[in-house]
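Summary of structural features
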Amino acid sequence: MPEAVIVATARSPIGRAHKGSLRELRPDDLAATIVDAALNKVPQLDRTLIEDLYLGCGLPGGEQGFNMGRVVAVKLGLDGLPGATVTRYCSSSLQTTRMAFHAIKAGEGDIFVSAGVETVSRFARGSSDGLPSAAQELVGGSWGNPGFAAATARTAEYAQGGKTWHDPRQDGELPDVYVAMGQTAENLAQIKNVSRADMDEFGVRSQNLAEKAIADGFWQREITPVTLPDGTVVSADDGPRAGVTIEAVSGLKPVFRPDGRVTAGNCCPLNDGAAAVVIMSDTKARELGITPLARIVSTGVTALSPEIMGLGPVEASRQALARAGMTIDDVDLVEINEAFAAQVIPSYRELGIPIDKLNVNGGAIAVGHPFGMTGARITGTLLNALDWRDKSIGLETMCVGGGQGMAMVLERLS
């Protein structure tokens, strides 16, 4: 059975939505630029041999509609390359990598592109072809949300009564699959006793580690500079901030509930960005004389109540590790997407991940989380970190809106 290997990765800088550096770029143009950059890293590859292009997008619509996967293929001049656009919210471009992995293992192809993009800045608003305020509704919501009162009361009951969370359907009601992500983070903070101080400390850690990684040259190794319509070249992420302190972050006000714990300092912002991964069978890579970066060992996807979706990494990681015949002790480095400190903290604690192996160069709280980009971005970051530290086994995982989790185990080869 062939092995699926990663032979190249690329990503754009990550811009802040609406006011950041990439706000003038269309998502299809940005994605095409980054796919092209990834393919340029394997000049031995005849692009006409690529069998499919899978593109992840968290919230397709407006400029992100019309099957961008196929649009990107045509933009690259590859009229004979099929394309598909896939959404699994925050893990959309981890799902596309999983699809390429499965196709190769099944013997149904040798060369695939897995990519992801999200440009929240350019979401269509107030029209039938768009998603009005989609990003805010997905990530944040507010205490004016119609489902907020019921969710808050239910969460308080479990937290105050010391009960174990269980699916609300056991109480005769349906969980809100569209519950805003900010509310799910507040749910976990209460249920798992994650304090505001713990969350602020984790947020500061992310920023401080990202600041150090920038100074060390780590992030620059994986970023492809992007040229804007006016000729300006963007070569760095907008998000990381220098000199972030606990004192400053602890003074921020809650965002999602008047008495909540989630603030702008301990959750990810809204972002724009794109990333791509080139995946081949090991036999094809040898035939073309391409040295693989890593082998995809296993993947996993699981589900849980939407109202506590932030715990998704726990069972998904356990599933992927079991399929790999490994335990968390076999893993050298772990990347958990930092949607909210409130969900990363209980996830890494339940998985038993040593903090010195987790998000060692900072994470999405600092660098950002463009939904469709994140899966492919974290793959590149994880391989970058394994190479940087000369380590072998990596675990990538994330929670997913709607109550899911995804994970992938990688083995660095070069």
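In the annotation of an unreviewed UniProt entry, the chain is listed under the name Acetyl-CoA acetyltransferase and assigned to Winogradskya humida. Looking at the Sequence similarities (unreviewed entry) heading of the UniProt record, one finds this comment for the chain: "Belongs to the thiolase-like superfamily. Thiolase family."

**So, the overall build of the chain**
What the chain contains, in helices and strands, is 13 helices and twelve strands. Classification of the 414 residues of the chain by burial places 59% in the buried group. Taking the intrachain contacts of the chain between residues at least 6 apart in sequence as the baseline, contacts between residues at least 24 apart amount to 80%.

**Topic: the packing of helix 7 (residues 196-216) against helix 11 (residues 341-351)**
It is the contact of helix 7 with helix 11, at a shortest axis distance of 9 Å, that shows an interaxial angle of 95°. Classified by the interaxial angle, the pair formed by helix 7 and helix 11 is roughly perpendicular. Each of Asp-198, Met-199 and Phe-202 in helix 7 lies in contact with helix 11, whose residues at this interface are Ala-341, Ala-342, Val-344, Ile-345, Tyr-348 and Arg-349. The residue makeup of the contact of helix 7 with helix 11, split by class, is seven nonpolar, no polar and two charged.

**So, the state of the cysteines**
All chains considered together, the criterion is met by zero disulfides. Residue Cys-90 stays outside any disulfide, its sulfur separated by 5.9 Å from that of Cys-399, the closest cysteine. Left unpaired, Cys-268 is separated from the closest cysteine sulfur, that of Cys-267, by 5.8 Å. Looking at Cys-268, the relative accessible area reads 6%, which means it is buried.

**Remarks on the packing of aromatic side chains**
A complete count under the given rule lists five aromatic pairs for this structure. Here the aromatic rings of Phe-202 and Tyr-348 are separated by 6.5 Å at their centres, their planes lie at 25°, and the arrangement is stacked. You can see Phe-202 sitting in helix 7 and its partner Tyr-348 sitting in helix 11, a full 146 residues away along the chain. Since its relative accessible area comes to 4%, Phe-202 is described here as buried. Residues Phe-256 and Phe-340 carry aromatic rings whose centres are separated by 6.2 Å and whose planes lie at 75° to one another, so their mutual orientation is edge-to-face. Of this pair, Phe-256 sits in the loop between helix 8 (246-249) and strand 8 (271-281) while Phe-340 sits in the loop between strand 10 (333-336) and helix 11, and the two are 84 residues apart along the sequence. Phe-340 shares its class with Phe-256; the two are buried. Cluster of aromatic residues (ring-pair linked, three or more members): Phe-218, Trp-219 and Trp-388.

Here is what the cut-offs are and how they apply
- Residues numbered from 1 in each chain as written.
- Predicted model: local features only at pLDDT ≥ 70, side-chain atom pairs only at ≥ 80, totals over all residues.
- Heavy atoms only, no water.
- UniProt positions renumbered as here; feature names shortened; annotations may be inferred.
- Helix = DSSP H or I, 4+ residues; strand = E, 2+ residues; numbered from the N terminus.
- Buried < 20%, exposed > 50% of the residue type's maximum accessible area, 1.4 Å probe, protein only.
- Contact = heavy atoms within 4.5 Å.
- Axes fitted to C-alpha atoms, helices over the stretch in contact; angles between N-to-C directions.
- Parallel < 35°, antiparallel > 145°, perpendicular 65-115°, else oblique.
- Nonpolar A, V, L, I, M, F, W, Y, C, P; charged D, E, K, R; others polar.
- Disulfide = S-S within 2.5 Å.
- Phe/Tyr/Trp six-rings, centres within 6.5 Å; stacked < 30°, edge-to-face > 60°.

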